[in-house]
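# Observations on the model geometry
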Amino acid sequence: RGLLSVPNCQKNQRTSPMTTIRPARDEDAPDVIRVIDTCYREYEGCVLLVDKEEPELKAPASAFAELGGAFWVAETDDGIVATCAVAPADAPGFARIHKLYVAKDARGQGLGAKLCALAEETAEGFGADRMMLYTDTRFTEAHRLYERLGYHRLPGEQHRADASHSVEYYYAKTLK
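Position numbers for residues start from 1 in each chain and track the written sequence from start to end. With the structure being a predicted model, the display of local features is reserved for residues of pLDDT at least 70 and the display and counting of side-chain atom pairs for 80 or more, all residues being used for whole-chain, interface and lining totals. Water and hydrogen atoms play no part in the side-chain values, which are based on all heavy atoms of the structure.

To continue, consider the overall build of the protein. Helix and strand counts for the protein stand at five helices and eight strands. What you see in the protein, going N to C, is helices and strands ordered as β-β-α-α-α-β-β-β-α-β-α-β-β. Overall, the C-alpha framework of the protein stretches about 40 × 35 × 30 Å when taken along its three principal axes. The buried label goes to any residue with under 20% of its type's maximum accessible area, the exposed label to any with over 50%, and the partly exposed label to all in between, with areas taken from a 1.4 Å probe on protein chains only. Looking at the 176 residues of the protein, the share that counts as buried comes to 48%. Pairs at least 24 residues apart make up 60% of the contacts formed inside the protein by residues separated by at least 6 positions. Working definition of accessibility: Shrake-Rupley area with a 1.4 Å probe, residue cover restricted to the visible protein chains. Total accessible area on the protein stands at roughly 9300 Å², and carbon and sulfur atoms take up 50% of it. Positive charges come from Lys and Arg alone, negative charges from Asp and Glu alone, with His and the N- and C-terminal ends not counted. Every charge is mapped onto a representative atom, which is NZ of Lys, CZ of Arg, CG of Asp or CD of Glu. Averaging the locations of the 22 positively and 27 negatively charged side chains of the protein gives two centres separated by 5 Å. Secondary structure elements are defined from DSSP: runs of H or I of at least 4 residues count as helices, runs of E of at least 2 residues count as strands, and each element is numbered from the N terminus. Any pair of residues with heavy atoms lying within 4.5 Å of one another is described as a contacting pair.

In structure tokens:
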């Protein structure tokens, strides 16, 4: 996939007027980790342990390519401000969104929606007709985004045995 540039819609923001969404490279790992870690730190008790719990972040492009998926970053002149990945899910016909994080200063520009749309388009390209994702119960801004984009929260919760003591909601969407 090529580059996608989106205008910066926020006024008085100190970043460049354009944000570019591009495929991630493995050398983006430190910036990808920084963005995700910063997002985690917004929530009490939420910690990012890369080596122990999310080693795929050390080589994001390779890790998701091995899963048959893709990983993207959004960047401005100030660096990477958002991340998103997609890969086929274990359930037939499903693809799963992973690692959708937008730095606080970059929110409100539509980056989350654009990254979700890119993930959905990519998923359709590898034959998925439904999307799924898990999201921590604490990430209420993300829940609003997913619901606005047509994702439906399904009953139940998934309790993860991680350092953050995560409890996750399951969301799904039928594609066109």
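Attention shifts here to the pattern of salt bridges. A side-chain nitrogen of Lys or Arg and a carboxyl oxygen of Asp or Glu constitute a salt bridge if their distance falls within 4 Å. All chains considered together, the criterion is met by 16 salt bridges. A salt bridge links Asp 31 to Arg 34, with the nearest nitrogen and oxygen atoms 3.7 Å apart. Here Arg 34 and Asp 31 lie together in helix α1 (residues 29-40), a separation of three residues that amounts to about one turn. Residue classification places Arg 34 among the partly exposed residues on the basis of a relative accessible area of 37%. Among the ionic pairs, Asp 129 bridges to Arg 130, the shortest N-O distance being 3.3 Å. It is possible to trace a salt-bridge network through shared partners that takes in Arg 22, Arg 25, Glu 27, Asp 28 and Glu 75.

Now for the state of the cysteines. We call a pair of cysteine sulfur atoms a disulfide whenever their separation is within 2.5 Å. Tallying each qualifying case throughout the model produces zero disulfides. Note on Cys 46: no disulfide assigned, nearest cysteine sulfur contributed by Cys 39 at a separation of 9.6 Å. Residue class for Cys 46 comes out buried when judged on its relative accessible area of 7%.

The side chains of a regular strand alternate between both faces of the sheet. Burial analysis of strand β5 (residues 94-102) places eight of its nine residues in the buried class, the great majority of the element. Here, strands pair whenever DSSP counts at least two bridges between them. Where strand β4 (residues 79-88) meets β5, six bridges bridge the pair, whose relative direction is antiparallel. Bridge assignment links Thr 83 to a residue of β5, and that residue is Tyr 101. Hairpin connection from β4 to β5: five residues lie between these consecutive antiparallel strands, with Gly 93 at a positive phi of about 80 degrees. Two elements, β5 and strand β6 (residues 130-136), share three bridges in a ladder whose sense is parallel. Paired with Ala 95 across the bridge in β6 is Met 131. Looking down the strands as they point away from the viewer, one classifies a crossover as right-handed if the path from the first strand across the helix to the second runs clockwise. In this fold, β5 hands off to helix α4 (residues 111-125), which returns the chain to β6; that crossover is right-handed.

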